[in-house]
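Here is how the chains run, residue by residue.
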Amino acid sequence: MQTNTSTNKKTERSINDAFASKFAKSMFLTVSAIVILSFIATRMFTHVDLNLYGYMVGTVVFIGGFFYRFIAWGERPPTKILIKKGLKLLAKKSTPKTAVNHLAIYDFIKNRGLYRWVQHILIGWGCVLACLVTFPLVFGWMYFTMDDNGHYTIVLMGMNLMVVKADGLIAWFSYNALNISATMVIAGVCMALYRRLKNMQARAEQKFIYDFLPLYLLLFISITGLLLTFQNVFLHGWMQPQMSLIHQFSVILTLIYLPFGKLAHIPFRPVSVFARNYREHYGEQAMKECKVCGDHFVSVEQSSDVIEVLGVNAIEFNMEDGFNLAELCLPCRRKYRISRFSGFATHQVKVKEANQNARG
């Protein structure tokens, strides 16, 4: 057993030594996997659409930006603990339900209001639908061939998936999937812009680069995408090559920007399942009592992890009263900090804050 373990460690070390960093290793393995899958799917590169070459380059750049951000974020001590323990808890029975709530129906947003929930459903699923159509086409994982009898053959990963009528329902949805997703995104973005222009709290907190720019980029991509269909159907292709380039550059620009702006939460969102599993699992085991008021506020595991992370960062919050500041609930923690300045033991006052459970 010890021999196998040492052999595995040596193999892992030799693989890691071949790369300058985790970023280089991730990029090499991912791009290699994409190339291999494309080689298989396109039947040895015999079905490559060079018109989609720009999207392919933009996607590879996006992958690089995503790995850069994710690895930098994942190397932080709190994130390391969350990912490490979250991976161990993926086998929980509640994981599928949590994944559906967080990644499919956005149940956590529904609690904030129906308007915001519909807005996120339209934007989120509009983008997901567009990606599910675009990326397989860009890398050649899916394409269509047409027979002389007016039927299309849908080819998936190099295998003939099905034959459909050129004027049938499945073919219609295939032609218009991106138009449907663009319409969903436009509706969702318009709802988001309306809220940001009318809601006083949003107006006070928002910034153009962080809050408005991502919405404008999604809106521009969706409108130019619909214009391509409009030019093809109603204008017989007039100015379509020019609009195709404009649309392509807007997509590439957004892909490059995506990992470094507000839209980065889209590819990062699956990690929220780890966080939910972490809170639920350790919360069921044992809850931490506040050292002052005795209320249960987090799990014992989370409290210990917070103290551990603070120690890793050489931050000590051990108080003279014999407890760590992380062992207090938020209301008592705030009152304790006030007591350090006022000289009065405000944290020992039994009266709770009037708005301690406020939402919003």
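Along each chain, residues carry numbers from 1 onward, in the same order as the chain's sequence is written. Since the coordinates come from a predicted model, pLDDT governs what is reported: local features require at least 70, and pairs of side-chain atoms require 80 or more to be given and counted, while whole-chain, interface and lining totals use all residues. Hydrogens are left out, water is left out, and the side-chain values use all remaining heavy atoms of the structure.

Asks: Help me out: how do you make sense of the overall build of the protein in this one?
Replies: Broken down by element type, the protein carries 15 helices and five strands. For the radius of gyration, the atom set is restricted to C-alpha positions; the globular benchmark scales as 2.2 Å times the number of residues to the power 0.38. In terms of overall size, the protein is more extended than a compact globule, its C-alpha atoms giving a radius of gyration of 26 Å where 360 residues would be expected to give roughly 21 Å. Taking the principal axes of the C-alpha coordinates as reference, the protein spans close to 85 × 65 × 35 Å. Expressed as a percentage of its 360 residues, the buried residues of the protein come to 35%. Residues count as neighbours in contact if any of their non-hydrogen atoms are within 4.5 Å of one another. Sequence-distant contacts, at least 24 apart, represent 56% of the contacts inside the protein between residues at least 6 apart. Summed over all atoms, the accessible surface of the protein reaches about 22,700 Å², with 64% contributed by carbon and sulfur. Positive charges are assigned to Lys and Arg, negative charges to Asp and Glu, while His and the chain termini are left out of the count. Lysine's charge is taken at NZ, arginine's at CZ, aspartate's at CG and glutamate's at CD. Computed over 38 positive and 22 negative side-chain charges, the separation of the two mean positions in the protein equals 3 Å. Secondary structure elements follow DSSP: runs of H or I no shorter than four residues count as helices, runs of E no shorter than two count as strands, and numbering proceeds from the N terminus. Only protein chains enter the accessibility calculation, which uses a 1.4 Å probe; a residue whose area is less than 20% of its type maximum is buried, one above 50% is exposed, and one in between is partly exposed. Per-residue and other accessible areas were derived by the Shrake-Rupley procedure at a 1.4 Å probe size, with only the shown protein chains allowed to occlude residues.

Asks: For this particular structure, what's the right way to read the pattern of salt bridges?
Replies: Should a side-chain nitrogen of Lys or Arg be within 4 Å of a carboxyl oxygen of Asp or Glu, the pair is scored as a salt bridge. According to the stated counting rule, one finds eight salt bridges in the structure shown. A salt bridge links D305 to K85, with the nearest nitrogen and oxygen atoms 3.0 Å apart. Of this pair, D305 sits in helix α14 (residues 300-312) while K85 sits in helix α4 (residues 77-88); the two residues are 220 residues apart in sequence, bridging distant segments of the chain. For the residue pair D305 and K85, the accessibility class agrees, reading buried in each case. Note that D211 and R196 form a salt bridge whose closest N and O atoms lie 3.5 Å from each other.

Asks: Sorry, what's going on with the side chain of S303 here?
Replies: Mapped onto the secondary structure, S303 falls in helix α14. Judged by relative accessible area, S303 falls into the buried class, the value being 3%. Apart from residues no more than four positions distant in its own chain, S303 is found in contact with K288, V298, A326 and E327.

Asks: Where do I start with helix α5 (residues 95-103) in this structure?
Replies: In an α-helix there are 3.6 residues to a turn, and that puts residues three or four apart on one side. Among the residues making up α5, those that are buried are T95, T98, N101 and H102. Looking straight down α5, one finds its buried side chains confined to an arc of 130 degrees; they lie on one side. Summarising the geometry of α5, the exposed residues directed more than 90 degrees from the buried face are P96 and K97. Buried-residue contacts for α5 involve α6 (107-110) and α13 (271-285). Picture the helix axis, draw a direction to every C-beta atom, and the arc is the one those directions span.

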